[in-house]
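# Structural description and commentary
Below are the chains, spelled out letter by letter.
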Amino acid sequence: ATDALTVVVNNENDWAESLTVDQLAEIWSAEAQPETWADVNSDWPDQEFNLFGAATTSGTFDYFTEAVVGEEDSIRDDYSGTERDDQIAAGVAGDTAGFGYLPFAYYVNNPDSVKAISVIGESGEAVAPSLEAAQRGEYPLARPLFFYVNNNKLADDPTLQEFVRFYIEQAGADFVAEQIGYVPSSDDQVQSNLDKLEEQL
């Protein structure tokens with residue numbers, strides 16, 4: 001599936017409607033480390049950031065640091081990191097100057113707790129996070145999601161083979177978007193993954 005990784009601010013934040021990827025990189029960089037919103041844009045208030053994001057053990061952390069900061073693990077360490085998306089949202093919700101990122105699936109199921117902001121990528125257009133924008137490739141922080149299977153176990157276990165086949169086929173179902181909040185796999189992606197599975201058997 002595909003996720004539209006969502007950048008969020010406090011609901012009372014009325015100054016940051018959108019951020020460029022470069023601004024995100026500046027905020028989260030281990031080198032730049034601006035302390036206030038005004039350090040990023042002089043028109044914004046002189047309020048200190050309180051940053052919330054994924055723990056270093058998370059795949060979300062890996063993607064964000066590489067896609068935004070540009071270098072794996074190169075991120076400032078003065079932020080509250082957790083693998084629990086509800087704690088990220090609660091941190092931002094409880095702080096007027098709070099700022100964080102979390103999976104779109106969590107945001108879309110809790111849309112009133114924090115405010116999502118648009119991201120400006122290479123196109124120069126501010127794009128709000130949505131499944132449609134991620135599916136069209138327009139949202140700059142759209143990321144693929146993966147699962148991994150041990151090939152030796154797969155070859156030896158028919159039950160595991162059937163489970164993985166079922167999982168791949170279900171990844172293209174409507175409920176992936178409607179109930180979970182991810183972009184479902186396309187028919188081509190489903191078939192490609194089924195072909196990869198068969199190559200391992």
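Anything mentioned here points back to the structure above.
Here goes a summary of the coordinates provided. (Residues numbered from 1 in each chain as written. Predicted model: local features only at pLDDT ≥ 70, side-chain atom pairs only at ≥ 80, totals over all residues. Heavy atoms only, no water.)

### Regarding the overall build of the protein
Check the secondary structure of the protein and you find ten helices and ten strands. If you line up the protein on its principal axes, its C-alpha atoms span 60 × 30 × 30 Å. Considering the protein as a whole, with its 201 residues, one finds that 43% of them fall into the buried category. The contacts in the protein between residues at least 6 apart in sequence include a share of 68% that link residues at least 24 apart. Carbon and sulfur atoms form 42% of the exposed surface of the protein, whose accessible area is close to 10800 Å². Where the 8 positive side-chain charges of the protein centre and where its 39 negative ones centre are 7 Å apart. (Helix = DSSP H or I, 4+ residues; strand = E, 2+ residues; numbered from the N terminus. Buried < 20%, exposed > 50% of the residue type's maximum accessible area, 1.4 Å probe, protein only. Contact = heavy atoms within 4.5 Å. Areas by Shrake-Rupley, 256 points an atom, 1.4 Å probe, with all protein chains shown as cover. Lys, Arg positive; Asp, Glu negative; His and termini not counted. Charge placed at Lys NZ, Arg CZ, Asp CG, Glu CD.)

### Considering the pattern of salt bridges
Counted according to the given criterion, the structure contains seven salt bridges. Among the ionic pairs, E17 bridges to K115, the shortest N-O distance being 3.6 Å. Placement of the pair is E17 in the loop between β2 (6-9) and β3 (18-20) and K115 in strand β7 (residues 115-116), with a sequence separation of 98 residues. A salt bridge links R76 to D78; the nearest nitrogen and oxygen atoms lie 2.7 Å apart. Assessed through its relative accessible area of 4%, R76 is described here as buried. What makes D78 partly exposed here is its relative accessible area of 43%. Put simply, E162, R165 and E198 are held in one network by salt bridges that share partners. (Salt bridge = Lys/Arg side-chain N within 4 Å of Asp/Glu carboxyl O.)

### So, the environment of V21
Structurally, V21 is set in helix α1 (residues 21-28). Beyond its immediate chain neighbours, meaning those up to four positions away, V21 contacts A67, V68, V119, I120, G121 and P140.

### Concerning the side chain of D95
Position of D95 among the secondary structure elements: in the loop between α4 (85-93) and β6 (98-102). The side chain of D95 is buried and forms no salt bridge, while R76, the nearest opposite charge, is found at 12 Å. In contact with D95, not counting residues within four places along its chain, are N10 and N50.

### Digging into the packing of helix α8 (residues 158-170) against helix α10 (residues 187-200)
Where α8 meets α10, the axes come as close as 9 Å, and the angle between the chain directions of the two elements is 165°. The pairing of α8 with α10 is recorded here as roughly antiparallel in orientation. The two elements α8 and α10 meet at a crossing, and its hand is right-handed. Of the residues in α10, those in contact with Q161, V164, R165, I168 and E169 of α8 are V190, N193, L194, L197 and E198. Partitioned by chemical class, the residues of the contact of α8 with α10 number five nonpolar, two polar and three charged. (Axes fitted to C-alpha atoms, helices over the stretch in contact; angles between N-to-C directions. Parallel < 35°, antiparallel > 145°, perpendicular 65-115°, else oblique. Left-handed = near helix turned anticlockwise from the far one by under 90°. Nonpolar A, V, L, I, M, F, W, Y, C, P; charged D, E, K, R; others polar.)

### Digging into the pairing of strand β4 (residues 50-54)
Of all the five residues making up β4, four are buried; the element is thus mostly covered by neighbouring parts of the structure. Summarising the sheet, β4 and β6 pair through three bridges and their orientation is parallel. Bridge pairing links F52 to G100 in β6. Direction of pairing for β4 relative to strand β5 (residues 80-82): parallel, over a ladder of three bridges. What sits directly across from A54, in β5, is T82. (Pairing = 2+ DSSP bridges.)

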